[in-house]
Amino acid sequence: MNPLLISIAVKHLLARKRQSIVSLFGIVLGVAFFLTISSLMLGSENDFIHRLVDNTPHINITDEYRNPRQQPAETMFPTAALDVRSVKPETETRGIRGYIQILDYLRAIDGLKASPVLAGQALVSFAGKDVGISLNGVVPEELNTVSTLHSYMTIGSIDDLIANPDGIIIGSELARVMSLRVGENLNVAATTGQIHTFKILGVFHTGRASYDETQAFVALKRVQALLDRPNRINTIIVKLNDAYQARAVASEIESHIGYKAVSWQEASEDIMSTLMIRNIIMYSVVSAVLVVAAFGIYNIISTVVMEKQRDIAILKSMGFHASDIEWIFVTQGCVLGVAGCAVGLPLGMAMMTAFMGLSFRVPGNSDPISIPMDWSWYQFAIAGMFAFTAATLAALLPARKAAHVQPVDILRGGS
Amino acid sequence: MDTLLRAESISRRLPGDIPVTLVEDVSLEVHAGEFLAITGPSGSGKSSLLYLLGLLDQPSTGHIWLNSTETTRCAEDRLADLRLTHLGFVFQSHFLLPEFTASENVMLPMQRLGKLGQAQIEARARDLLTDLGLHDQVRKLPKQMSGGQSQRVAIARALANDPHIILADEPTGNLDTKSSGVVQDILRGLARQQGRAVIAVTHDHAFAEKADRIVTIVDGKIR
């Protein structure tokens with residue numbers, strides 16, 4: 001760009017320091033808020049996905065079928081027009097059949113760890129209080145490889161279940177509600193009517209009150225006996241080295257074993273789409289800040305164009321082209337955009353850092369939480385590009401108006 | 001004498017419900033080294049004629065030749081280029097850019113033309129201002145100078161690209177008698193000593209008397 005035009009543009013802006021600073025301030029705030037809010041959005045989204053990926057199975061295989069099982073007649077006559085009526089399902093013990101073979105198949109897949117679980121409803125009774133819980137029968141040796149429960153243990157360890165098969169691990173909320181302590185005995189009644197007394201070996205605390213109150217873990221064999229479902233499980237927890245492969249792997253597993261395999265992406269599809277909608281709303285709101293700032297720039301440059309009609313006329317009479325005049329005012333928008341980015345980006349960075357240091361308590365969460373922030377170079381690029389483009393476009397309209405000023409019209413107006 | 005500028009039967013009418021004729025059927029030749037004064041009563045069309053001759057406005061009918069270039073069919077950018085290289089303007093008010101120093105104002109046309117390097121441009125601006133007695137005003141802003149000094153800076157700016165023709169619209173209209181005399185002498189000198197054509201619109205009979213030729217406009221026509 002012609003340095004002469006830049007110098008004229010800069011002098012125009014410097015001649016109106018106060019207005020220029022006000023419109024610059026708009027861009028600075030716009031950029032800083034854009035950066036901060038987008039980092040907050042990205043941080044909370046990543047944090048959410050991270051928690052989702054870490055704290056839930058990457059793939060959950062359950063004892064259900066996605067589609068009804070094909071009738072033998074349909075298999076026998078695939079092209080025939082069959083009408084099978086009044087099909088009465090076989091009464092059988094629910095659960096995943098042949099889970100040992102399925103586990104062998106799963107463990108043969110690279111980068112995959114799997115562990116069986118039998119979960120069922122139970123009632124715990126202690127000191128006259130009854131609380132319904134979800135009793136999870138697990139293989140303690142394997143649970144650590146597919147779950148993050150061990151990282152939430154506050155007292156004891158999951159491995160204690162290996163040494164004591166009649167042990168139980170409960171959540172901190174359940175312990176609090178029922179005034180339970182490690183080492184005490186707990187009566188657990190299954191829906192089959194069987195009652196078993198477990199010794200409390202450990203307590204976990206995830207911070208999610210409902211989970212900490214309703215989940216308990218015991219050895220798989222004990223749950224199978226308690227629920228009267230020997231050699232059955234109803235869930236296989238799968239963890240992958242690459243969590244983002246879960247959808248493809250789940251599909252492959254399901255097509256191989258027939259049981260429903262749900263990836264974490266599928267299980268959270270509603271949440272993921274909610275996240276996307278939330279992002280669209282937030283980005284729209286934050287972008288509006290920059291659009292408002294752009295109106296500020298439009299305002300200042302329109303004012304300059306109005307005030308500089310005489311200068312425009314004299315420049316044109318000297319021999320400046322209409323495009324030169326247009327560039328002078330577009331350059332003013334560019335200068336404000338660049339300056340806004342130059343100040344706004346570091347300010348945004350400072351705001352992000354400040355937000356990262358904040359922590360507070362929210363209802364439903366027993367631990368103080370800090371604000372998750374995350375950023376990458378493309379957020380800075382988007383903020384910068386958006387601000388620069390908005391500032392330049394805001395300048396374009398008055399610049400075109402300036403370019404069309406007819407010197408004679410102004411000069412005829414006299415001195 | 002070389003004819004630098006020739007207008008042939010030019011008219012300028014402003015369209016509208018009631019059309020206004022600013023200039024009507026004017027033919028005129030301006031030669032190198034000639035000092036031409038255009039006089040006439042207020043509203044007679046003197047300035048309109050000057051703007052037409054200065055290629056700031058286009059005639060509704062007729063033709064204007066600048067040197068050998070017929071200008072009425074030129075595009076806006078071409079006319080701007082012709083103004084930049086061949087014409088210099090001085091207006092009643094100095095019309096200096098207020099944010100630029102005297103020197104920077106003079107440098108503007110040269111920087112836009114881009115034929116000289118920055119050092120040469122600065123030296124020429126300084127020389128032009130010195131020639132007009134403004135060697136101590138080089139770094140001053142227009143608001144720090146008197147009206148006479150500002151008008152001399154405007155003349156220096158008009159001379160920056162060494163144009164053949166200087167067009168002045170009431171150049172002494174806002175000046176006191178002393179400053180007015182100085183500016184008149186400078187403009188006359190530009191024609192007599194430097195061989196440029198100077199076309200000056202003026203109400204001032206004394207100023208017009210100093211011209212080689214006087215053209216009087218009444219109701220848009222040469223009388």
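Here the structure is a predicted model, which means the values were calculated and not measured.

The rules we used
Residues numbered from 1 in each chain as written. Chains lettered and ligands numbered in written order. Predicted model: local features only at pLDDT ≥ 70, side-chain atom pairs only at ≥ 80, totals over all residues. Helix = DSSP H or I, 4+ residues; strand = E, 2+ residues; numbered from the N terminus. Rg over C-alpha atoms; globule rule 2.2 N^0.38 Å. Buried ≥ 20, exposed ≤ 12 C-beta atoms within 10 Å, placed from the backbone. Axes fitted to C-alpha atoms, helices over the stretch in contact; angles between N-to-C directions. Parallel < 35°, antiparallel > 145°, perpendicular 65-115°, else oblique. Left-handed = near helix turned anticlockwise from the far one by under 90°. Nonpolar A, V, L, I, M, F, W, Y, C, P; charged D, E, K, R; others polar. Pairing = 2+ DSSP bridges. Contact = placed C-beta atoms within 7 Å. Domains from an automatic or database assignment.

Caption draft 1: Spatial organisation of the overall build of chain B. The number of helices and strands found in chain B is seven helices and ten strands. Its C-alpha radius of gyration of 17 Å places chain B within 12% of the 17 Å reference for a compact globule of 223 residues. In terms of its C-alpha atoms, chain B occupies a principal-axis envelope of roughly 50 × 40 × 40 Å. Scored against the burial criterion, the 223 residues of chain B give a buried share of 51%.

Caption draft 2: Up close: the packing of helix α2 (residues 17-55) of chain A against helix α14 (residues 322-356) of chain A. Residue and element names in this part refer to chain A. Remark: α2 packs on α14, axes separated minimally by 7 Å, with the N-to-C direction vectors making an angle of 40°. In terms of axis orientation, α2 runs oblique to α14. Considering only the axes of α2 and α14, their crossing is right-handed. Split into classes, the residues belonging to the contact of α2 with α14 amount to 16 nonpolar, eight polar and no charged.

Caption draft 3: The sheet that holds strand β4 (residues 61-66) of chain B, seen in detail. Here we have four strands laid out as an open sheet, ordered β2-β1-β4-β5 (chain B), and antiparallel in their pairing. Two strands bound the open sheet, and with one partner strand each, they are β2 (20-31) and β5 (69-70) of chain B.

Caption draft 4: Summary view of the sheet that holds strand β8 (residues 197-201) of chain B. Residue and element names in this part refer to chain B. In spatial order, the strands read β6-β7-β8-β3-β9-β10; together these six strands make up an open sheet with mixed pairing. Here the strands that pair on one side only, and so sit at the sheet edges, are β6 (87-90) and β10 (221-222). Bridge count between strand β9 (residues 213-218) and β10: two bridges; the pairing is antiparallel. Each residue of the ladder has a partner; that of V218, found in β10, is K221. Helix α5 (residues 147-159) rests against β6 and β7 (165-169) of the sheet, and its axis sits at about 170° to β6.

Caption draft 5: Representation of the pairing of strand β2 (residues 112-126) of chain A within the structure. Residue and element names in this part refer to chain A. By the bridge criterion, six bridges tie β2 to strand β9 (residues 235-240) in an arrangement that is antiparallel. Bridging from a neighbouring strand, A114 pairs with V238 of β9. Both β2 and strand β3 (residues 129-138) contribute to a ladder of ten bridges, which runs antiparallel. Bridge pairing in β3 places L118 opposite G137. Between β2 and β3, which pair antiparallel in sequence order, lie two residues; one of them, A127, sits at a positive phi of approximately 50°. With four bridges joining them, β2 and strand β6 (residues 185-190) adopt antiparallel strand pairing. Bridge pairing in β6 links S125 to N187.

Caption draft 6: Quick look at the interface of chain A and chain B. Across the contact, 19 residues belong to chain A and 23 residues belong to chain B. Taken together, the elements giving at least two residues each to the side of chain A that touches chain B come down to α1 (3-15), α13 (309-318) and α16 (407-412) of chain A. No other element matches the six residues that α13(A) contributes to the side of chain A that touches chain B. Class assignment of the residues belonging to the side of chain A that touches chain B gives a composition of nine nonpolar, five polar and five charged.

Caption draft 7: Looking closely at the domain arrangement of chain A. What the domain assignment lists for chain A is domain 1 (3-53 + 271-412) and domain 2 (65-77 + 91-259). Measuring from the centre of the C-alpha atoms in domain 1 of chain A to the corresponding centre in domain 2 of chain A gives 53 Å.

Caption draft 8: Local environment of unusual backbone geometry. The backbone phi angle of S179(A) is positive, close to 55°, even though this residue is not glycine. With respect to the helices, strands and loops of the structure, S179(A) is situated in the loop between α7 (172-177) and β6. Using a count of 10 C-beta atoms within 10 Å as the deciding quantity, one classes S179(A) as exposed. Residue L55(B) is not a glycine yet carries a positive backbone phi of 65°. Structurally, L55(B) can be placed in the loop between α1 (46-53) and β4. Overall, the presence of 26 C-beta atoms within 10 Å leaves L55(B) in the buried class.

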